[in-house]
Amino acid sequence: MTTHPFENLDPAQAVQVLPRHLAGPGAADPRAVWAFPFDEGWPFAQTDAGTAAAFSPCLRLQTTYDPQPDKAGKGTWTINAHRAPFSALAWQITFDATTPVELLHDVHAELLDLYLEDRHSDQDRLFEDGTAPHEAYAPLLARGWSHEVKTDGTQTFLTPEELGGVCHRYAVSGGSSGPAWRSWGGYPSEPHWTARFSIGTPTTLVAAFTASLISTEPLHRTVQDVPVHTRRALYLATTTVKQLHGNTPVAPPPPALVSGRTR
């Protein structure tokens, strides 16, 4: 039987874990995930059921959280972007609600940065981003992810343990459908979470996501919050309270490597 560092720990044990894509979602707090300056003109609203929405002051950006506990993925986090208020959708990012919240936070922090850069310059990087795709996937290769290119215009990058990945549609024709980028954590046939970046999404946001995905900063969870079926692939970085049954071996975290993007 396969053992893992969590098997002798109390379910309520606080731990820090890596890799991030297998850590579990964490606490879904829209205000913390979005971290927008709500006291500076960013409207925010949340219902008693937990559904939440926020808007940029220009109304070109809309972020929503729609929890659906009874459905696979447990709901959706969404970013919608419009070139003008109430116009057609220019691009969209969706995350399953089971996506680690730290990844969500880092993408939204980059979104705010792009918004502020555009506001104080003559650029429009929210819709005319010149970031090259390799800035999003080169750090994955540097961390030992595998790489497969297909003739259908897609390339796929898989984590070393093959329990997570990023798929990039590098060739987009007039009849192409589906997201430009897709990522997941867990078994490909039944992932813990999936993220989708539509065609037109600024590559800078994808790069922020992949940088967060491979970050070696551990995520804080309780044992019961960590997905059961992939625990064998997790590293236990630290424990903070007493274990139940003696001393459980603690696996060292993977070596820290510098990602291709700095903030």
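Notes on the structure in this doc start here. (Residues numbered from 1 in each chain as written. Predicted model: local features only at pLDDT ≥ 70, side-chain atom pairs only at ≥ 80, totals over all residues. Heavy atoms only, no water.)

With 43 residues, the main nonpolar core has Trp34, Trp91, Phe95 and Phe209 as its most contacted residues. The element best represented in this core is helix 2 (residues 101-119), accounting for 8 residues. Those residues in contact with Phe209 that sit more than four places away from it in its chain are Phe95, Leu103, Val107, Ser183, Trp193, Ala195 and Phe197. Listed in part, the 13 residues of the second largest apolar core include Val15, Ala23, Ala233 and Leu236. (Core = buried A, V, L, I, M, F, W, Y, C linked by side-chain atoms within 4.5 Å. Buried < 20%, exposed > 50% of the residue type's maximum accessible area, 1.4 Å probe, protein only. Helix = DSSP H or I, 4+ residues; strand = E, 2+ residues; numbered from the N terminus. Contact = heavy atoms within 4.5 Å.)

Right, let's talk about the packing of aromatic side chains for a bit. All chains considered together, the criterion is met by 13 aromatic pairs. When the ring of Tyr137 is compared with that of Phe157, the centres are 5.0 Å apart and the planes differ by 20°; the resulting orientation is stacked. A residue pair is termed long-range when its members are at least 10 positions apart, and Tyr137 in helix 3 (residues 134-142) and Phe157 in strand 8 (residues 154-158) qualify at 20 residues. Of the two residues, Tyr137 and Phe157, neither departs from the other in class, the shared state being buried. The rings of Trp34, Phe36, Phe38, Trp42, Phe44, Tyr65, Trp77 and Tyr115 are connected pair by pair, giving a single aromatic cluster. Lying across the ring of Phe38, Arg31 places its NZ or CZ 5.0 Å from the centre. (Phe/Tyr/Trp six-rings, centres within 6.5 Å; stacked < 30°, edge-to-face > 60°. Lys NZ or Arg CZ within 6 Å of the ring centre and 35° of its normal.)

Moving on, we come to the sheet that holds strand 4 (residues 61-67). A sheet is described by the order of its strands in space; here 10 strands give the open sequence 2-3-4-5-6-11-10-9-8-7, paired in antiparallel fashion. Edge positions in the open sheet fall to strand 2 (44-46) and strand 7 (146-149), since each of these has one partner strand only. Averaged over all neighbouring strand pairs, the angle between strand axes comes to 15°, with direction disregarded. Relative to strand 11 (residues 190-197), strand 6 (residues 89-96) is paired through 3 bridges, and the arrangement is antiparallel. Within strand 11, the residue paired with Phe95 across the bridge is Ala195. (Pairing = 2+ DSSP bridges. Axes fitted to C-alpha atoms, helices over the stretch in contact; angles between N-to-C directions.)

This part covers the pattern of salt bridges. Per the counting criterion, the structure on display carries 7 salt bridges. One salt bridge in this structure joins Arg125 and Glu117, with 2.7 Å as the shortest N-O distance. Among the residues examined, Glu117 registers a relative accessible area of 32% and is labelled partly exposed. Shared partners join several salt bridges into a network, and the residues in it are Arg20, Asp106 and Glu217. (Salt bridge = Lys/Arg side-chain N within 4 Å of Asp/Glu carboxyl O.)

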